[in-house]
Amino acid sequence: MQWFSKNVVFFAVKTSLAAFIALYLALELNLDRPAWALTTVFVASQLYSASTISKSLFRLLGTLLGGVFIFFIFPVTVAHPLLFSLCISLWVSLCLYLSLHDRTPKSYVFMLAGYSAAIMGFPEVNTPAGITSTVLSRIEEITLGIVCSSLVHGLLFPVSMRSLLEQSVSQWYLNGRKLCAALLSGTPGDNAPERDDILTRMATNPQQVEILITHCVYEGDAARRLIRLVSVQYQHLSYLIPTLTAIEMRLQRLAARQIAFPDYVARSFGQFLHWLQDGEAVGDVIGIQLELSHCQDRVNAAWRSGELPIEHCLLLTGLLERLTDFVRIAGAYQSVGGLVSDLAGDTTLARGTRTHRFFDKGLIRLSALTAFCATFGACLLWMATGWRDGAPAPVMAAILSSFFASLDTPLTSMKLFVRGVIVAIAISIVYVALLLPQATSFEALLICLAPGLMLLGMMIARPSTNMIGLSVAIQIPGFIGLGHHLKPDLVLLVNNAIASLAGVLFAVILTAIMRNKRPSWTARRAVRHGLRELLRFVKEIERNGSSLRGRQRFISLMLDKVNVVLPRLHLDPQSDMHPAGMLLTEVWLGVNSFDYYARHQALLRRYQLESGQMFHELSLFLRRRLKSLNTQPHADLQEELDLLLLLLEQQAQRDEKLLTPLFHLFSIRLYLFPQHAWPQATPRQAERLQQHRYRLNA
């Protein structure tokens, strides 16, 4: 984003205006800490009016929660410094733990509640009688700041977020169409970097859409229908990645086996590509669905008549099935506007909590522990040195260790924050030593502050400078001591600056030691969680404890992990983890296991097809993979799959109903042993096939 673009300049002007109004009102209302109101304006202000309002509301709720805690805990513990420090450190850790269980902007409420208690509590240990005044003042100043920010950004040239939300969902779908067209019209394996980029962007879309929905809810009635629309589209578009990768895998397999498409299949693919490029109407969707269904019937008929080998039939069937899935997703995306147009304003779906979410409990606990150690450690340093002005140290440690806890590698962002603190100290020294002594009126103060506030607003508006601009903006008002009787104190500034840097460095060092992880580390843990989920689901299937609801829950949990894994592996690729297949294979293994066994259990039992040993070997393989992600499927698993495939092929020639479970079983084998051709019966397997035939005839 350019420095002097319209959006950047407008944002800087509006933010500076809101800051001046908040400062003026704080002084006129005789509030105790005008600097807090000024800081709040810069923290709450966002480019979009809806996100400004939502963040303001979350900031107010977090401040109230933190204020209530410190109000009740302070009188009991302040006389015992160690106990007091322990209580606030535990509160910071607990609030961070709770906030990390929400991946939407609402997590800001609990995170802010944690370090707000530190902001209000630590500086008041020397004057415990004033804690009530401090808590009330904090709430008043925050309220004033968010009201000024929300009103200015909401009334003066408001920037709507609706177009951004609509564009995000549209781009999600268009990326899926683009990748699907590239897969069908190109050579399998071509354009791998572009393909990986598209998949990565699509994996980040769900999180982006959820964040935008959370903010857009506060934009008013005009955004209600769009929110409902996007919420429904979200459910369908989530299946794009597994559908596209399944199409890609079957195309690769067909190319590797040099299987030529029959004329009718090639013709259907041509029509599909034409629809993909030009078809946008619901009628076009219905037409291409009928074409693919008709093509599928011809493939099955060709196998029954002996024109197609069984492997060719199943590979083409799988490809047609996945193309049909893509058409179904596209049709739902295109027609959903009509499905929700009769709703009158209910945004329950948008507001509702999506329960099927992956949270790395171990990483969350480690983040909370790091925040506790940083805050409590800074308190111990403060107490050990007897530093009268050392309160900013644990405050900054709490803020910094909380603010970046959701990042895989927080150290990178922390370094930017440290630079911002250093810049804020330098600017504050210039103001305190040279400029503020000349400001003898409010107007003169505004003239002194205006250039700096405008520059900070422009920095915050640009993503590349946002972190430094924000860290400078939240430090300067406190450092220069904006208040009713502005008396610049260079010694106090230096003391506060040293204490703040000590707290920041304490948090950075502890984070580097305890919490700083590579993206691939997080991805690897998510993959292992996914393997455990698959193992649990396979056991449920084997024990007849699964259901359609359980199948849907499994898919939702796994797809959420896929969206966690793919972007991280794109940033930090590892030799033992491939972005193209991590957890996508496992999704289809679980789905095909359910569709093979749970959906056709009675049919399999009628033909005495026992799958217990196959599921045992599959579970054994998954347990081995939990220990080492490089573990390959073992020979006994392949033997059991091959035997079941041969048995099903033998019986499917008599009963076409067995063709569906045969397809799903073949899909399981395809994902586990993609390089292996259709099995040829070994002498041992031939004997077992003969025994099975005798049992059925008897």
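Residues numbered from 1 in each chain as written. Predicted model: local features only at pLDDT ≥ 70, side-chain atom pairs only at ≥ 80, totals over all residues. Heavy atoms only, no water.

Colleague: Sorry if this is basic, but what is going on with the state of the cysteines here?
Modeller: Cysteine pairs can be linked by a disulfide, which is a covalent bond between their two sulfur atoms. Within this structure, the stated rule accounts for zero disulfides. Cysteine C180 is unpaired, with the sulfur of C295 as its nearest cysteine sulfur at 15 Å. (Disulfide = S-S within 2.5 Å.)

Colleague: What's the story with the pattern of salt bridges in this structure? I'm lost.
Modeller: Proximity of charged atoms lets side chains of opposite charge pair with each other. The final tally for this structure, using the stated rule, is 22 salt bridges. Between D560 and R103 there is a salt bridge, and its shortest N-O distance comes to 2.6 Å. Taken together, the residues span a long stretch of sequence, with D560 in helix 22 (residues 548-571) and R103 in the loop between helix 4 (81-99) and helix 5 (108-121) at a distance of 457 residues. We classify D560 as buried; its relative accessible area is 5%. For R103, a relative accessible area of 28% translates into the label partly exposed. (Salt bridge = Lys/Arg side-chain N within 4 Å of Asp/Glu carboxyl O. Helix = DSSP H or I, 4+ residues; strand = E, 2+ residues; numbered from the N terminus. Buried < 20%, exposed > 50% of the residue type's maximum accessible area, 1.4 Å probe, protein only.)

Colleague: What am I meant to see in the nonpolar core here?
Modeller: One broad trend across soluble globular proteins is that nonpolar side chains are buried collectively. Ranked by internal contacts, the top residues of the largest apolar core, which has 126 residues, are F272, W275, Y596, L662, L665 and L672. In terms of residue count, helix 13 (residues 310-340) provides more of this core than any other element does, 14 residues in total. When residues of this core are assigned to domains, at least three fall in each of domain 2 (161-218 + 220-342) and domain 3 (519-697). The contact partners of L662, leaving out residues within four places of it in the chain, are I310, L314, L645, L648, E649, A652 and W678. By size, the runner-up hydrophobic cluster in this structure holds 96 residues, among which are A35, F404, V432 and L493. (Core = buried A, V, L, I, M, F, W, Y, C linked by side-chain atoms within 4.5 Å. Domains from an automatic or database assignment. Contact = heavy atoms within 4.5 Å.)

Colleague: What should I look at first to understand the UniProt feature "transmembrane region" (unreviewed entry) in the chain in this one?
Modeller: Per the UniProt entry, the sites bearing "transmembrane region" (unreviewed entry) are residues 7-27, 33-50, 57-76, 82-100, 363-385, 416-436, 442-461 and 492-514 in this numbering. In the segment residues 363-385, helix accounts for 100% and strand for 0%; the C-alpha atoms at its two ends are 33 Å apart. Each end of residues 416-436 is marked by a C-alpha atom, and these two atoms are 27 Å apart; helix forms 95% of the span and strand 0%. (UniProt positions renumbered as here; feature names shortened; annotations may be inferred.)

Colleague: Looking at this structure, I do not really get the domain arrangement of the chain. What am I missing?
Modeller: One frequent convention defines the size of an interface as the accessible area lost when the parts assemble. For the chain, the assigned domains are domain 1 (6-160 + 360-515), domain 2 (161-218 + 220-342) and domain 3 (519-697). Using C-alpha coordinates to define each centre, domain 2 is positioned 24 Å away from domain 3. Every contact between the two is made by 30 residues of domain 2 and, on the other side, 27 residues of domain 3. Carbon and sulfur atoms supply 71% of the area that domain 2 and domain 3 bury against each other, a total of about 2,500 Å² over both sides. Joining domain 2 to domain 3, the criterion identifies one salt bridge. The residue E656 makes a salt bridge to R304 at a minimum N-O spacing of 3.1 Å. For the pair domain 2 and domain 3, the number of links is ten residue pairs in polar contact (both at pLDDT 80 or more). Where the side of domain 2 that touches domain 3 is concerned, the elements lending two or more residues are helix 8 (192-216), helix 10 (240-256), helix 12 (282-304) and helix 13. Among the residues making up the side of domain 2 that touches domain 3, the classes are represented as twelve nonpolar, eight polar and ten charged. (Buried area = accessible area lost by both parts, 1.4 Å probe. Polar contact = N/O pair within 3.5 Å; in protein donor to acceptor, adjacent residues only side chain to side chain. Nonpolar A, V, L, I, M, F, W, Y, C, P; charged D, E, K, R; others polar.)

Colleague: When you look at the packing of helix 26 (residues 635-652) against helix 27 (residues 659-672) in this model, what are you seeing that I'm missing?
Modeller: A pair of packed helices is characterised by two quantities: the angle between their axes and the separation of those axes. Orientation of helix 26 relative to helix 27, taken along the N-to-C sense of each, is 155°, at an axis distance of 10 Å. One way to sum up the angle between helix 26 and helix 27 is to call them roughly antiparallel. The chirality of how helix 26 crosses helix 27 is left-handed. Taken together, the residues of helix 27 that come into contact with helix 26 (itself represented by L637, Q638, L641, D642, L644, L645, L648, E649 and A652) are L659, P661, L662, L665, F666, I668, R669 and L672. Each residue belonging to the contact of helix 26 with helix 27 can be placed in one class, and the counts come to 13 nonpolar, one polar and three charged. (Axes fitted to C-alpha atoms, helices over the stretch in contact; angles between N-to-C directions. Parallel < 35°, antiparallel > 145°, perpendicular 65-115°, else oblique. Left-handed = near helix turned anticlockwise from the far one by under 90°.)

Colleague: Sorry if this is basic, but what is going on with a nonpolar patch on the surface here?
Modeller: A contiguous nonpolar patch, built from F10, L17, I21, Y24, L25, L29, V147, L151, L155, L156 and F157 and spanning about 1,000 Å² of accessible area, is present on the exposed surface. Breaking the nonpolar patch down by element, the ones donating at least two residues are helix 1 (6-28) and helix 6 (131-155). A per-element tally of the nonpolar patch places helix 1 first, with five residues. Mapped onto the secondary structure, L29 falls in the loop between helix 1 and helix 2 (34-44). (Patch = residues over 30% accessible without salt bridge, like charges linked within 9 Å, V, L, I, M, F, W, Y side chains within 5 Å. Areas by Shrake-Rupley, 256 points an atom, 1.4 Å probe, with all protein chains shown as cover.)

Colleague: Is there a simple way to think about the packing of helix 2 against helix 3 (residues 49-77) in this case?
Modeller: Axis separation between helix 2 and helix 3 bottoms out at 9 Å; the angle between their running directions is 130°. As summarised for this structure, helix 2 and helix 3 are arranged oblique, according to the angle between their axes. Contacts between helix 2 and helix 3 involve T40, V43 and A44 on the former and, on the latter, T52, K55, S56 and R59. Classifying every residue of the contact of helix 2 with helix 3 gives two nonpolar, three polar and two charged.

Colleague: What should I look at first to understand the confidence of the model for the chain in this one?
Modeller: Close inspection of predicted coordinates is inappropriate for parts of the model with low pLDDT. The predicted model of the chain has a mean per-residue pLDDT of 86, with 93% of residues at 70 or higher. Note on residues 340-353: pLDDT is under 50 here. Beyond four places in sequence and across chains, it has 20 contacts. (pLDDT = per-residue confidence, 0-100.)

Colleague: What is the right way to look at helix 23 (residues 584-598) in this model?
Modeller: Given 3.6 residues per turn, any residue in an α-helix points the same way as the ones three and four places further on. If you check helix 23, its first and last C-alpha atoms are 21 Å apart, about what 15 residues at 1.5 Å a residue would give, namely 21 Å. Counting buried positions over the 15 residues of helix 23 gives 13, a clear majority of the element. (Expected span 1.5 Å × (residues − 1).)

Colleague: Any chance you could explain the environment of R138 here in plain terms?
Modeller: Here R138 lies in helix 6. Between the C-alpha atoms of R138 and P34, which are 104 residues apart in sequence, the distance is 9.6 Å. In contact with R138, other than residues within four places in its own chain, are W36, R59, T63, S116, I119 and M120.

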